[in-house]
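# Coordinates in review
Letter by letter, the chains look like this.
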Amino acid sequence: MTSSETASRSKAKKPVADPAGRAAELRAQIQHHDYLYHTLDKPEIEDKDYDALFTELKELEQKHPELVTTDSPTQRVGGQVLEAFEKVEHRTPMLSLQNSYNTEDIDAFAERARKELKDLAPEVFDFFCEPKFDGLAIELVYENGVFTRAITRGDGTVGEDVTQNVRTIDSIPLRLKDLHPTLFEVRGEIVMLKEDFRVLNESQQEAGEAPFANPRNAAAGSIRQLDPAIAKARPLRMFAYAPGVLEFGKNPPPKSQSAFETLCATIGLPTVGVANPEESFEAFRERVKQTLELKNTKSGRPKAKPQQLKLARVCKGEHEARLYYDFIQEIRSLLPFDIDGIVVKVNDYRLQEDLGFVARSPRWATAAKFPPEQAETTIERIDIQVGRTGALTPVAVMKPVRVGGVTITNATLHNQDEIDRKEVRVGSRVLVQRAGDVIPEVVKVLEQPENSVPFRIPNECPICGSVAEKPEDEVVLRCVNRKCPAVLKGALKHFVARRAMNVDGLGDKLIDAFVDAGLVKRPSDLYRLTAEKILSLERQGEKSAQNLLESLEASKKSNLARVIFALGIRHVGETTAKSLAKFYGTLDAFLAADEASLLSVPDIGEKMALEIVRVLKDGDLKDEVQLLQQLGVQIEAAKKAMASSAAGGGALGGKKYVITGTLPMGRDEVKDLIESNGGIVLSGVSKKTDFLLAGEEAGSKLQKATELGVAILDWDTFQKQLTTK
Ligand code: IVH
C-alpha cells in the first residue's frame with residue numbers, strides 16, 4: 001500500500017478487518033520511516049503521509065487499547081509526572097576513563113597497553129578513535145529488541161530510571177531494527193546540538209526563563225525533569241558508544257568496537273558514524289572537513305547531521321591516533337555538538353579483555369582531553385538587567401578579553417544562587433570561557449580583591465524602584481511593578497519581533513524612546529501611534545514615520561500562533577504558541593482555555609498549563625487582546641488565509657517545494673512565505689517535488705533534484721512566482 005492510500009484510508013475510517021495485524025503493520029512502517037529519517041537522513045515519504053500513518057495507529061489503539069505495545073511509536077508521549085526517579089542498579093558498572101591531555105599522553109597510554117599485551121598483539125595495532133561527547137552518560141536497555149529502560153550513570157553502580165524522558169527522544173528507537181538479541185545494553189551520551197541549544201535558550205529567554213549555561217547543562221537538566229512533557233519539548237539527541245551486557249543467543253556478538261558501532265547504526269541507534277576502513281587518513285580529513293564546511297551556512301551554524309559525518313575512525317597505531325587528536329581539535333568548533341576531547345579505545349574486544357581494568361577504569365581506553373578555551377580577566381562591575389518578565393538578571397561587566405577568537409566583555413551571572421556558589425564579586429579575578437562555544441560564562445573566581453564584600457542583588461528594581469520579590473519555587477527576583485518601564489520595554493520588543501507581530505523597522509532604541517516619552521504604555525498603544533506622535537520624538541523624519549506606520553499597518557494581518565506568541569505569556573515560546581493555535585483554532589477558544597483542555601495540547605505540561613490559566617483569568621490579557629482587535633488586528637483573517645492555502649489556493653497553488661542552500665532569508669521565514677502563499681514545503685526531494693528552491697552552497701538535494709528532473713528555482717525566479725501567479 002502506498003502512503004497516500006494509507007492516508008485516505010485513515011480519513012475514510014472504515015472498520016479495520018484485522019486490527020491487530022494492521023497495528024503491527026503500521027508500527028513496522030512508522031519504525032522504518034523513523035529509521036530512514038533519523039539514521040539515514042533519507043526520508044522517503046512526506047511529513048503529512050507520515051502523520052497520517054501515525055494518526056491511524058493512534059486511532060486504532062484508542063479503539064483497541066489492548067493492542068498498545070510498549071514499543072509503539074505512540075508511546076513516546078510522556079507519561080505521569082513523577083515524585084522522584086527510581087534508583088536502579090546497572091547490570092555491570094558504568095566505569096570512567098583515565099584522562100590524558102596531549103599527544104604524548106596518548107603515546108604513553110599505547111606504550112602501556114603494548115607492554116601489557118606483550119606478544120598477544122602485533123607491534124602496531126588498531127585504536128578506535130571518536131569524539132568525547134560533552135553531555136550526560138546514559139544506558140539504554142533493549143530486551144528482545146524492545147526498549148525497556150534508560151538509566152543514568154549515577155555513581156556508576158546505581159543510576160536513576162529516566163525511561164519516561166528518554167522515550168520522548170525521537171531518534172532513539174523503541175525497537176531495534178532487524179536484530180532482536182535477548183539483551184542489548186548500550187551506553188552513550190545524551191547531548192543537545194549547539195544549534196538546538198541556541199534556539200532553546202532564545203525561547204527560554206522569550207518565555208522569561210533563565211537560559212541554560214551550556215548544552216550539557218541543558219541536556220542534563222532536561223533528562224532529569226520529573227515531568228516528561230517538559231523533556232519531550234527539549235531537543236535531545238544521543239550518541240551510542242559502548243556496550244553494556246550483551247546476550248546474543250546464537251548470533252555472534254561484535255568482535256571489535258568498530259563492529260559494535262557499525263552494528264548500532266545498522267539497527268537504528270544513533271552514532272557519529274564509523275569511517276570506511278579503506279579510507280586513508282588524508283582522505284578522512286578532507287572528507288570530514290568538506291562535509292562540515294559545505295554544510296555550514298553563511299551564518300556559521302553547523303548544519304551537518306552528526307551521523308553523516310562518519311567521524312569515528314579505526315586508526316592504525318598511536319601515530320594515527322595522534323593525528324586524529326590534532327585533527328578533531330582543529331575542527332572542534334565546526335562540529336554540531338560540544339566535545340571536550342577524544343576517546344581512544346583498543347579496537348579489538350579480545351585485546352580489551354586481555355588488558356582488563358585498573359580500579360574503575362579500563363586499561364584499553366583513554367580520554368584525551370583538549371585544552372579548554374578559557375581566559376583570565378577582572379570583573380569591573382555587576383549590572384542588573386530587567387527583562388520583560390520583570391526578572392532581575394545580574395550581568396558581569398569585565399575587562400575585555402579574547403577567548404576562542406572572540407572578545408568577551410559581558411557574562412550573565414544568572415541569579416543570586418549562582419553568584420553565591422561561585423563567590424563572584426566586583427573586582428574578582430575570574431576565569432571565563434565560552435559555553436557551548438557561544439555564551440560567555442564565568443567558570444570560577446581565581447582571586448578576590450582586598451576588602452571586597454559578597455555581591456547581593458538588590459531587592460529593588462534598578463529601573464523603577466519597586467520591590468523585587470522571589471516567587472515561590474523560583475531562584476530569580478522579579479520586579480513586581482506591572483508598569484515598570486523595563487518590563488514594558490521588554491514586552492514591546494518581544495511583541496514586535498519578527499516571529500511575533502513582525503513589525504519592521506521598530507528597533508530597540510525607538511521602543512525605548514516611545515516608552516520614555518510616555519507615548520506607549522501597552523503593546524496595543526503601538527497601533528494608536530500617529531505621524532504626529534512619532535515626529536514628536538527626536539531624530540524622526542517624515543519618511544521614517546511613514547514607513548513605521550506602514551509596517552504597523554501591515555503587521556495587523558496576523559495569525560493566531562503569532563498573536564499568542566506575541567502576548568509574551570511566560571513559558572509560551574514560539575513552538576508552544578503554534579501548538580496552542582493549532583489546538584484551539586480561534587482566539588476566543590484559546591481565551592476560554594481551562595487546565596484540562598490545556599493538558600491535552602501536545603507538549604504542554606502542568607507548569608505551563610497553570611501559568612496560562614493564571615494569565616487568562618487575569619483581566620489584563622483579555623483587555624489587551626480586545627484592544628488589539630478594536631485597533632484592527634485581524635486574527636481570523638490570517639487563519640482563513642491559511643485554510644485556503646491548505647486547499648491549494650494562493651499564488652503557489654498547492655505546489656510542493658523543497659528548500660536548500662543559503663537564501664537571503666532564514667529557512668523558517670522562507671517556509672512561512674511559501675506556506676502563506678499556498679505552497680507546501682517538504683523536507684526531502686522526490687519525484688513528487690515540484691520545485692527545488694536552491695540558494696547558495698546547495699548540496700546533495702540539488703544533485704538529487706537534477707537527477708530526478710525536478711525544476712530548480714533560484715531566489716529571483718521564486719520571487720517572480722510569488723508576484724505573478
Ligand atoms: S566509552 C569504560 N566513549 O566519558 C568507559 N565514553 O570518563 C567507557 N564519554 O562517563 C566509556 N564520550 O560519559 C566513551 N565516545 C565516548 C565518550 C565517553 C564521552 C564519557 C562518558 C563517561 C566518561 C568516561
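Scope of this entry: the structure provided in the associated data block. All residue numbers here refer to positions counted from 1 along the written sequence of the relevant chain. Only residues with pLDDT of 70 or above have their local features reported here, since the model is predicted, and side-chain atom pairs are shown and tallied only from 80 upward, although totals for entire chains, interfaces and linings are computed over all residues. Side-chain calculation: all heavy atoms of the structure are included, whereas hydrogens and water are not.

This next bit is on the sheet that holds strand β8 (residues 237-247). By the convention used here, strands pair only if DSSP detects at least 2 bridges between them. Each helix is a run of DSSP H or I of at least 4 residues and each strand a run of E of at least 2, with the numbering of both proceeding from the N terminus. Across the sheet, which stays open at both edges, the 4 strands sit in the order β5-β4-β7-β8 with antiparallel pairing between neighbours. The sheet is open, and its two edges are formed by β5 (146-152) and β8, each paired on a single side. Geometrically, the sheet is characterised by an average inter-axis angle of 25° between neighbouring strands, direction not taken into account. Two elements, strand β4 (residues 136-143) and strand β7 (residues 183-191), share 8 bridges in a ladder whose sense is antiparallel. Bridge pairing in β7 places L136 opposite I190. Two residues form a contact once any of their heavy atoms are found within 4.5 Å. Between the N-to-C directions of two axes lies an angle of 0 to 180 degrees, each axis being a line fitted to C-alpha atoms and, for a helix, fitted only over the stretch in contact. Of the strands in this sheet, β7 and β8 are in contact with helix α9 (residues 257-266), which crosses β8 at around 115°.

Here we come to the packing of helix α4 (residues 103-117) against helix α11 (residues 317-331). Two elements in contact, α4 and α11, have axes whose closest approach is 10 Å; the angle formed by their N-to-C orientations is 150°. With respect to their mutual orientation, α4 and α11 come out roughly antiparallel. The two elements α4 and α11 meet at a crossing, and its hand is right-handed. Residues T103, I106, D107, A110, E111 and R114 of α4 lie in contact with α11, whose contacting residues are E318, A321, R322, Y325 and D326. Among the residues making up the contact of α4 with α11, the classes are represented as 4 nonpolar, 1 polar and 6 charged. Put simply, angles under 35 degrees are roughly parallel, angles over 145 are roughly antiparallel, angles from 65 to 115 are roughly perpendicular, and the rest are oblique. Crossings are assigned a handedness: left-handed for a near helix turned anticlockwise from the far helix by less than a right angle, right-handed for a clockwise turn. Residues are grouped as follows: Ala, Val, Leu, Ile, Met, Phe, Trp, Tyr, Cys and Pro are nonpolar; Asp, Glu, Lys and Arg are charged; every other residue, Gly included, is polar.

It is worth spelling out the site of the ligand at this point. What surrounds the ligand is a group of 14 residues, the closest being L97, P131, F133, E189 and Y241. K132 places a polar side-chain atom, nitrogen or oxygen, 3.4 Å from an oxygen atom of the ligand. In the model, an oxygen atom of the ligand is placed 3.1 Å from a nitrogen or oxygen of the Y241 side chain. Across the complex, the protein chains shield 88% of the 520 Å² of accessible surface that the ligand would expose by itself. Among the secondary structure elements, those contributing two or more residues to the shell around the ligand are β3 (126-133) and β10 (339-346). Ranked by residues supplied to the shell around the ligand, first place goes to β3 with 4 residues. Looking at the shell around the ligand residue by residue, the class counts come to 8 nonpolar, 1 polar and 5 charged. We call a residue near a molecule or strand when any one of its heavy atoms sits within 4 Å of it. Polar contacts here mean pairs of N or O atoms no more than 3.5 Å apart (in protein, one a potential hydrogen donor and the other a potential acceptor; neighbouring residues in sequence count only if both atoms are side-chain atoms). Note on areas: Shrake-Rupley, 1.4 Å probe, and residue coverage restricted to the protein chains presented here.

Looking now at α4. An α-helix turns once every 3.6 residues. As a result, residues three or four positions apart point the same way. Take the residue count of a helix, subtract one, and multiply by 1.5 Å to get its expected span. Here α4 contains 15 residues, and its C-alpha end-to-end distance of 21 Å stays within 8% of the 21 Å for a straight helix at 1.5 Å per residue. Those residues of α4 lying buried are T103, I106, F109, A110, A113, R114 and L117. Looking straight down α4, one finds that the buried residues subtend no more than 135° of arc, so they occupy a single side. Relative to its buried face, α4 has exposed residues pointing more than 90 degrees away, namely E104, R112 and K115. Exposure classes here rest on a 1.4 Å probe applied to the protein chains alone. A residue is buried below 20% of its type maximum, exposed above 50%, and partly exposed in between. In this description, one arc is meant: the one made by directions from the helix axis to the C-beta atoms.

Grid spacing is 1 Å over the protein atoms alone, the probe is 1.4 Å, and a cavity is where that probe fits but cannot get out, while a pocket is an open set with protein on both sides within 12 Å along at least five of seven lines and lining residues have an atom within 4 Å of a point. Grid points are joined across faces, edges and corners, and a volume is the space filled by probe spheres set on the points. A full pass over the atoms with the stated rule returns 2 cavities of 30 Å³ or more. Looking at the largest cavity, its volume works out to about 40 Å³. Lining the largest cavity, in full, are F212, A213, T412, H414, I439, P440 and E441. Looking at the lining of the largest cavity residue by residue, the class counts come to 4 nonpolar, 2 polar and 1 charged. Taken as a whole, the second largest cavity encloses approximately 30 Å³ of empty space. Around the second largest cavity sit L392, N415, Q416, I457, V475, V476 and L477, which together line it. When its residues are assigned to classes, the lining of the second largest cavity shows 5 nonpolar, 2 polar and no charged.

Glancing now at the packing of aromatic side chains. The aromatic pairing rule takes the rings of Phe, Tyr and Trp, using the six-membered ring of Trp, and pairs them if the centres are within 6.5 Å, calling planes under 30 degrees apart stacked, those over 60 edge-to-face and the rest tilted. Scanning the entire structure with this criterion turns up 21 aromatic pairs. Judged by centre distance (5.1 Å) and plane angle (45°), the rings of F125 and F127 are tilted. In this pair, the class of F125 matches that of F127, namely buried. Arranged with centres 4.7 Å apart and planes meeting at 10°, the rings of F133 and F239 form a pair that is stacked. Pair noted here: F133 is in strand β3 and F239 is in strand β8, with a separation of 106 residues, a long-range link. Each of the two residues, F133 as well as F239, counts as buried. Ring pairing ties together the aromatic residues F133, F239, Y241 and F337, which thus form one cluster. Should the NZ of a Lys or the CZ of an Arg lie within 6 Å of a ring centre and within 35 degrees of the ring normal, that charge is described as sitting over the ring. Positioned over the ring face of F284 is R313, at 5.5 Å from the centre of the ring.

As a further point, take the sheet that holds β3. Sheet strands line up and pair through hydrogen bonds in the backbone, either parallel or antiparallel. Ordered by their spatial adjacency, 5 strands build an open sheet running β2-β13-β10-β3-β9, and the pairing between neighbours is mixed. On the outer flanks of this sheet lie β2 (98-100) and β9 (313-316), each paired with one strand and no other. Across the sheet, the mean angle separating the axes of adjacent strands is 35° when strand polarity is ignored. As paired strands, β3 and β9 are joined by 4 bridges and run antiparallel to one another. Residue pairing for β9: C129 is matched across the bridge by R313.

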